[in-house]
Amino acid sequence: MNENFEERDEVQATVRRFEQMVASNESVFFDLAEFESIIDHYTSNTEYAKALQACEAAIAQYPFSTELLIDRAQVLAMKGEYGEAATQIEAVALLDPDNPDVAVTRGIIATQRGDFSTAVEFFLGAVERAPDRDDIFFNLGLAYQSWQKYKSAAKYYKQSLRLNSDNDVAVQELLYCLEVSERLEANLEFFRRFTDEDPYSAIAWYNLGQAYYRVADYEKAVSAFEYAILIDNKFYDAHGYLASTYVSQEKYQAAIEEFTLSYEKDQPTAEALCNIGECYEKLENWAEARRNYQHSIDINPEMDEAWFGIGIILNAQERWMEAIHFFRKATALYDESVEYWLALAAAEYQLGNVVSSVEAYDRATQVAPDNKEGWLNWSIILYEQGNFDGAIDLMRNAVEVQPAEAELYYRLCAYLLAAGRYREAYEVLENALTLDFSKHRLLFDYFPELESQRALARLIDQYRK
């Protein structure tokens, strides 16, 4: 594992040297392996424009390298420039038709285009020429995953990891596919086998810890991450995952200690600081929480979670006007978070900004129509303003989106009763009672005076088991 960190540091140094060359517009010599590592670094971080720039610079120095021409074709495919990528790889095929990377690149182009069956054919052809290359099996996994055939994807990710257990991206994709197909728990033995075969592999313990973490077996996850750290104390990702496991166990002080070990000394990351801030927030240590959130923003102003975190602190202190500023910044940075929009809507309402609150709830229901809180809270505002019809219409929309959510039916029933539309109310109540009888008490929580309605009580009794 130490070797991996040393290699990573070397790659980072090489990338910095390349970026200095680009910034100064000077010509600096890099050997072929260095260019390959620069291109790999950028593609691994989905920085395809920079990867293409590195390809062009490399080809200028090594114009006859088929490896670089293939790299360029693959980067073009990842950028969505399929036509140029295809032209490039066909030119390489004329020079070296038996090169397995020609088939791999054709497969990547097909995958990016959404032609998954063709992609699989190309990758399988490449496997026949190079059966011990983990990257080909990894690409097979990606093709099947994009095709939403998760069982097949998992099969090839496993094969890729048998050949190269250090591929963390393959681990993440495998875990995802096993989770989606609800087969992760049944496949824990796959991850345990690596620690049995090499008990001194930090990566093997780290991967096993991730698997346990995903199935919520936190005690075993902690043990696995601790083994990884025992083998390599500078395994920063393992410290980070151990910290996240402690968070799941609500051991926030222990989590803080591990998050502070998840980066190089005196080089904190914005993400780690944000996580530390959240732990202090859970401990209601507002000063430390805000300090860490602010430090996270100082490092990365685009850290929406940190902006939101400060908003949560201010909200807890009933400083709603200040909280709104931070919630709005969070939504501007990440518009697709229902949590952000709900918090903003609630803070606006606390200040009496009804129109702004309704707008935020409207956006929340657009972002996550399956989140009932947005619908319920929005409807309360309409009801409190005496707009019974508006509240009823809104809840009818909600039950159309979530027809199996009993709580929405009970709320709709309450609004219909308040509007004097009893027949409609009883029809809705029958649906609610059928879906979940146990929640009928919600109706009286909303409107205690309804308990005196005999017709309502008789209808409920008919469904009582």
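Residues numbered from 1 in each chain as written. Predicted model: local features only at pLDDT ≥ 70, side-chain atom pairs only at ≥ 80, totals over all residues. Heavy atoms only, no water.

Chemist: Tell me about the overall build of the chain, residues and numbers included.
Modeler: Helix and strand counts for the chain stand at 27 helices and 0 strands. If one aligns the C-alpha atoms of the chain with their principal axes, the spans along those axes are about 85 × 50 × 50 Å. Across the 465 residues that make up the chain, the buried fraction comes to 46%. Taking the contacts inside the chain whose residues are at least 6 apart along the sequence as the reference set, 49% of them involve residues at least 24 apart. (Helix = DSSP H or I, 4+ residues; strand = E, 2+ residues; numbered from the N terminus. Buried < 20%, exposed > 50% of the residue type's maximum accessible area, 1.4 Å probe, protein only. Contact = heavy atoms within 4.5 Å.)

Chemist: Tell me what's going on with empty space enclosed by the protein, and back it up with residues and numbers.
Modeler: The final tally for this structure, using the stated rule, is 1 cavity of 30 Å³ or more. As a volume, the largest cavity reaches approximately 60 Å³. The greatest single-element share of the lining of the largest cavity, amounting to 3 residues, is contributed by helix α11 (residues 188-197). Looking at the lining of the largest cavity, its residues break down into 6 nonpolar, 2 polar and no charged. (1 Å grid on protein atoms, 1.4 Å probe; cavity = no way out; pocket = protein on both sides within 12 Å on 5 of 7 lines; lining within 4 Å. Points joined across faces, edges and corners; volume = space filled by probe spheres on them. Nonpolar A, V, L, I, M, F, W, Y, C, P; charged D, E, K, R; others polar.)

Chemist: Account for the UniProt feature "repeat: TPR" (unreviewed entry) in the chain, naming residues and giving values.
Modeler: The residues that UniProt annotates with the feature "repeat: TPR" (unreviewed entry) are residues 100-133, 134-167, 202-235, 270-303, 304-337, 338-371, 372-405 and 406-439. From the first C-alpha to the last, residues 202-235 spans 8 Å; its make-up is 79% helix and 0% strand. Annotated as 79% helix and 0% strand, the span residues 304-337 places its first and last C-alpha atoms 10 Å apart. (UniProt positions renumbered as here; feature names shortened; annotations may be inferred.)

Chemist: I'd like to hear about helix α21 (residues 354-367), residue by residue, with values.
Modeler: Here α21 spans 20 Å end to end across 14 residues, near enough to the 20 Å set by a 1.5 Å rise per residue. Within the sequence span of α21, burial applies to Ser-357, Ala-360, Tyr-361, Ala-364, Thr-365 and Val-367. Down the axis, α21 shows its buried residues gathered within 160° of arc, on one side only. The exposed set on the far side of α21, more than 90 degrees from its buried face, consists of Val-355 and Glu-359. Where α21 is buried, its residues meet α20 (338-350) and α22 (372-384). (Expected span 1.5 Å × (residues − 1). Arc of directions from axis to C-beta.)

Chemist: Report on helix α18 (residues 304-316), specifying residues and quantitative values.
Modeler: Compared with an ideal rise of 1.5 Å per residue, which puts 13 residues at 18 Å, α18 spans 18 Å between its outermost C-alpha atoms and is within 8% of the ideal. Close packing links the buried residues of α18 with α16 (270-282), α17 (286-299), α19 (320-333) and α20. Immediately beyond the C-terminal end of α18, within one or two residues, lies Glu-318, with a positive phi of roughly 60°.

Chemist: Residue-level account of the packing of aromatic side chains, with values.
Modeler: Summed over the entire model, instances satisfying the criterion amount to 27 aromatic pairs. Seen in terms of ring centroids, Phe-190 and Phe-194 are 5.2 Å apart; in terms of plane orientation they differ by 85°. Their pairing is edge-to-face. A residue pair is termed a helical-turn pair when its members lie 3 or 4 positions apart in one helix, as Phe-190 and Phe-194 do in helix α11 at 4 residues. A residue is classified by how much of its surface remains accessible, and Phe-190, at 5% relative accessible area, is buried. For Phe-194, a relative accessible area of 17% corresponds to the buried category. What links up through ring pairs into an aromatic cluster is the set Tyr-206, Tyr-213, Tyr-218, Phe-225, Phe-235 and Tyr-241. Over the aromatic face of Trp-147 sits the side chain of Lys-149, whose NZ or CZ is 3.8 Å from the ring centroid. (Phe/Tyr/Trp six-rings, centres within 6.5 Å; stacked < 30°, edge-to-face > 60°. Lys NZ or Arg CZ within 6 Å of the ring centre and 35° of its normal.)

Chemist: Please set out the pattern of salt bridges residue by residue, giving values where relevant.
Modeler: In this structure the tally under the stated criterion is 23 salt bridges. Across the salt bridge formed by Lys-439 and Glu-405, the nearest N and O atoms sit 3.6 Å from each other. Taken together, the residues Lys-439 in the loop between α25 (422-435) and α26 (441-446) and Glu-405 in the loop between α23 (388-401) and α24 (406-418) connect sequence positions 34 residues apart. Looking at Glu-405, the relative accessible area reads 18%, which means it is buried. One network of salt bridges, in which partners are shared, links Lys-372, Glu-405, Glu-407 and Lys-439. (Salt bridge = Lys/Arg side-chain N within 4 Å of Asp/Glu carboxyl O.)

Chemist: Talk me through the side chain of Gln-74; I want residue IDs and the actual numbers.
Modeler: Mapped onto the elements of the fold, Gln-74 is located in helix α4 (residues 66-78). Ignoring any residue separated from it by four or fewer positions in sequence, one finds Gln-74 in contact with Asp-101, Val-104, Thr-105 and Ile-108.

Chemist: Talk me through the packing of α4 against helix α5 (residues 82-95); I want residue IDs and the actual numbers.
Modeler: Following both chains from N to C, one finds α4 and α5 inclined at 160°, their axes separated by 8 Å at the closest point. Relative to α5, the element α4 lies roughly antiparallel. Seen from above, α4 lies across α5 with left-handed handedness. Counting all contacts with α4, which are made through Thr-66, Leu-69, Ile-70, Arg-72, Ala-73, Leu-76 and Ala-77, the residues of α5 involved are Tyr-82, Glu-84, Ala-85, Gln-88, Ile-89 and Val-92. (Axes fitted to C-alpha atoms, helices over the stretch in contact; angles between N-to-C directions. Parallel < 35°, antiparallel > 145°, perpendicular 65-115°, else oblique. Left-handed = near helix turned anticlockwise from the far one by under 90°.)

Chemist: How would you sum up the layout of surface pockets? Please name residues and give values.
Modeler: Size it by volume and the second largest pocket reaches roughly 250 Å³. The wall of the second largest pocket is formed by 14 residues, among which Cys-274, Glu-278, Tyr-293, Glu-305 and Phe-308 lie closest to the centre. Among the secondary structure elements, those contributing two or more residues to the lining of the second largest pocket are α16, α18 and α20. Counting residues per element, the lining of the second largest pocket draws most heavily on α16, at 6 residues. A per-class count over the lining of the second largest pocket returns 6 nonpolar, 2 polar and 6 charged.

Chemist: Help me get a handle on a negative patch on the surface, residues and values and all.
Modeler: A cluster of acidic residues, Glu-271, Glu-278, Glu-305 and Glu-339, forms a negative patch at the surface. Along the polypeptide, Glu-271 turns up in helix α16. (Patch = residues over 30% accessible without salt bridge, like charges linked within 9 Å, V, L, I, M, F, W, Y side chains within 5 Å. Areas by Shrake-Rupley, 256 points an atom, 1.4 Å probe, with all protein chains shown as cover. Lys, Arg positive; Asp, Glu negative; His and termini not counted. Charge placed at Lys NZ, Arg CZ, Asp CG, Glu CD.)

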